[in-house]
Amino acid sequence: MILLILSIDNRIPCRIFLHLPQFRSRKASEYRCSDRFPAKLRQTLGTYNKVLPYLMRDRYSRKRLPLKLKSFVLENKYLKARFLPEYGGRLYSLFDKVHGEELLFANPVIQPGNLAIRNAWLSGGIEFNCGMVGHHPFTCSRIHAAETKLEDGTPVLRMYEYERIRACVYQMDFFLPKDSRQLFGRMRIVNPTADTVPMYWWTNMAVRENPEARDVIDTTVTYNNKKGMVGKNPVPYDNGIDITYPSNNPVAIDYFWKIPRECRKYTAYIDQKGYGFFQTSTSRLQGRKLFVWGQGEGGKRWQEFLTQDGHDGRYVEIQAGVAHTQYECLPMPPKTAWEWLEAYGAINADPVKVHGEWDE
């Protein structure tokens, strides 16, 4: 921001504030890879720190005031889902009416932090990221919304936007059939251009941290980035720690689970009683990830900043993406549409098997 002090007729001073776009480096970030990281994936690593034509969203503070928000609700006898179209279509809450439990971390405040492509980002709920590596340009911006329906009359909440850097259109159709125990999201990305573009998508799901809960995925391999080195490690143990229990991880870290091509694509966060939240999808959404802030003071402080003062804001993120890791974008051919279906809901499983040997 630039402040200009001008004079009109040499008598009346005027103050004019010019809000200029912030430029970032146009050079792609590079990652060093261990020898165990597949060469095919190594070729797609890197980020592109371009912000224009978007402006930064950094005019916020930590002053708390009452705020009225628009929300859309899909509800049946099993679930109640609440969406925030003014914040990128975020699924703010998914409430299990049968057990009387909130399945997500529903943050009680809207408190931005500097973690997104355009700066402002929120914690909690489910965020849908399209375009380039990082928290997407609309995470704290309004997107379009409309009501439609399925052939059988089931209401559909459609949210959509044109992403200007990738010049693509993405659309999210959410529906909750009358007798369904799962909320469904039909996702669609369209590249209408004559060019191949690098494409990125990750569905980021925040769940309240439980020290006894386990992230369950069909995998024996994970990729991660330690001290700038991208490598591959076995699951569930890494240096003697069972990393599938998110609270075991001492520092902030990403674990990208490598699910075999022939296996079902899902992730579930399940407590000591065998109850929890799950997400599954059709196979285009091939990647799954665990993110933790860790147990150190820095991670705890970040979570305090992002939620209500004195409120327990500790959470874990389980995620799903079109690529195996978040360091990648996949080449999307010209005149192409990518589609997949996601489902979210409560899960009840045998706690002995969930918390037993990983191979079981």
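Residues numbered from 1 in each chain as written. Predicted model: local features only at pLDDT ≥ 70, side-chain atom pairs only at ≥ 80, totals over all residues. Heavy atoms only, no water.

**Observations regarding the overall build of the protein**
To keep things clear, this is the line we draw: Secondary structure elements are taken from DSSP: a helix is a run of H or I of four residues or more, a strand is a run of E of two residues or more, and numbering for both begins at the N terminus. Only protein chains enter the accessibility calculation, which uses a 1.4 Å probe; a residue is then buried when its area is under 20% of its type maximum, exposed when over 50%, and partly exposed in between. The Shrake-Rupley method, run with a 1.4 Å probe, gives the accessible areas here. Residue values count only the displayed protein chains as cover.
When helices and strands are counted, the protein shows three helices and 28 strands. Residues classed as buried in the protein amount to 50% of the 360 residues present. Carbon and sulfur atoms provide 52% of the accessible area of the protein, an area that totals close to 18,200 Å².

**Structural notes on the sheet that holds strand β28 (residues 336-348)**
What counts is decided by this rule: For two strands to be treated as a pair, DSSP must find no fewer than two bridges joining them. Helix axes are fitted only over the stretch in contact, all axes being lines through C-alpha atoms; the angle between N-to-C directions runs from 0 to 180 degrees.
Read from one edge of the open sheet, eight strands run β11-β12-β13-β14-β28-β24-β23-β17, paired in antiparallel fashion. Only two strands of the sheet have a single neighbouring strand rather than two, namely β11 (144-149) and β17 (214-216). Taking the axes of each pair of neighbouring strands and ignoring which way they run, one obtains an average angle of 20 degrees across the sheet. When β17 meets strand β23 (residues 265-270), the two strands line up antiparallel, connected through three bridges. In the sheet register, Arg214 faces β23, and the bridge partner there is Ile270.

**Structural notes on the pairing of β11**
Relative to strand β12 (residues 155-163), β11 runs antiparallel, the two sharing six bridges. The partner of Lys149 across the bridge, within β12, is Pro155.

**Section: the pattern of salt bridges**
Stated precisely, the cut-off is as follows: Think of a salt bridge as a Lys or Arg side-chain nitrogen and an Asp or Glu carboxyl oxygen that are within 4 Å of each other.
Taken as a whole and judged by the stated rule, the model has 12 salt bridges. In this structure, Lys97 engages Glu75 in a salt bridge whose closest nitrogen and oxygen atoms are separated by 2.9 Å. Taken together, the residues span a long stretch of sequence, with Lys97 in the loop between β6 (90-96) and β7 (101-102) and Glu75 in strand β4 (residues 72-75) at a distance of 22 residues. Linking Arg301 and Glu304 is a salt bridge whose minimum nitrogen-to-oxygen distance equals 2.7 Å.

**Observations concerning the nonpolar core**
One recurring pattern in soluble globular proteins: nonpolar side chains tend to sit buried together. Quick reminder of the rule: Only buried residues count toward a nonpolar core. Its members are Ala, Val, Leu, Ile, Met, Phe, Trp, Tyr and Cys residues joined through side-chain atoms within 4.5 Å.
In terms of nonpolar packing, the biggest core is built from 59 residues, with Leu183, Trp201, Phe277 and Tyr344 touching the most fellow members. Sorting elements by how many residues they give to this core places strand β13 (residues 168-175) first, with four residues. Grouped together as the second largest cluster of nonpolar side chains are eight residues, Phe105, Phe291, Trp293 and Leu306 included.

**Section: the environment of Val207**
Cut-off, in case you're wondering: In this description, contact between two residues means that some pair of their heavy atoms is separated by no more than 4.5 Å.
Along the chain, the position of Val207 falls in strand β16 (residues 201-208). Exposure remark for Val207: the relative accessible area of 2% places this residue in the buried category. For the pair Val207 and Val316, spaced 109 residues apart in sequence, the C-alpha to C-alpha distance is 5.4 Å. Excluding its chain neighbours within four sequence positions, the residues that come into contact with Val207 are Leu103, Leu104, Phe105, Tyr269, Phe277, Tyr315 and Val316.

**Side note on the packing of aromatic side chains**
We apply this condition: In summary, the pairing rule links any two rings of Phe, Tyr or Trp, Trp by its six-membered ring, whose centres are within 6.5 Å, and it sorts them by plane angle into stacked for under 30 degrees, edge-to-face for over 60 and tilted for everything else. A ring has a charge above it when a Lys NZ or an Arg CZ is no more than 6 Å from the ring centre and no more than 35 degrees off the ring normal.
Going through the model one piece at a time under the given rule, you end up with 12 aromatic pairs. With a centroid separation of 5.9 Å and 15 degrees between ring planes, the pair formed by Tyr255 and Trp257 is classed as stacked. Judged by its relative accessible area of 0%, Trp257 falls in the buried class. Following the ring pairs from residue to residue traces out a cluster consisting of Phe83, Phe128 and Phe174. Its end group placed over the ring of Phe305, Arg301 keeps NZ or CZ at 4.6 Å from the ring centre.

**Let's talk about a nonpolar patch on the surface**
This is how it is decided: A patch consists of residues whose relative accessible area exceeds 30% and which take part in no salt bridge; residues with like charges are grouped when within 9 Å of each other, and nonpolar side chains (Val, Leu, Ile, Met, Phe, Trp, Tyr) when within 5 Å.
A surface patch of nonpolar side chains, amounting to about 220 Å² of accessible area, comprises Leu115, Trp302 and Phe305. Here Phe305 is to be found in helix α2 (residues 297-305).

**Let's talk about the side chain of Lys289**
Using the following cut-off: Under the rule applied, a polar contact is a pair of N or O atoms within 3.5 Å (in protein, one hydrogen donor and one hydrogen acceptor; residues adjacent in sequence only if both atoms are side-chain atoms).
Within the secondary structure layout, Lys289 lies in strand β25 (residues 287-294). Its relative accessible area of 4% is what places Lys289 among the buried residues. Here Asp254 takes part through its side chain, which lies 3.1 Å from a polar atom of the side chain of Lys289. Among the polar contacts listed, one links the side chain of Lys289 to the side chain of Gln326, at a separation of 2.6 Å. Excluding residues within four positions of it along the chain, Lys289 makes contact with Trp202, Asp254, Tyr255, Phe256, Trp257, Glu317, Ile318, Gln319 and Gln326.

**With respect to the pairing of strand β24 (residues 275-281)**
With seven of seven residues buried, β24 is to be regarded as a mostly interior element. Here β23 runs beside β24; their pairing, made up of six bridges, is antiparallel. Counted as the bridge partner of Tyr269 is Phe277 from β24. The hairpin formed by β23 and β24 contains four residues between the paired strands, and Gly274 there has a positive phi angle of roughly 90 degrees. Of the strand pairs in this sheet, β24 and β28 are connected by seven bridges, and their pairing is antiparallel. Residue pairing for β28: Phe277 is matched across the bridge by Ala346.

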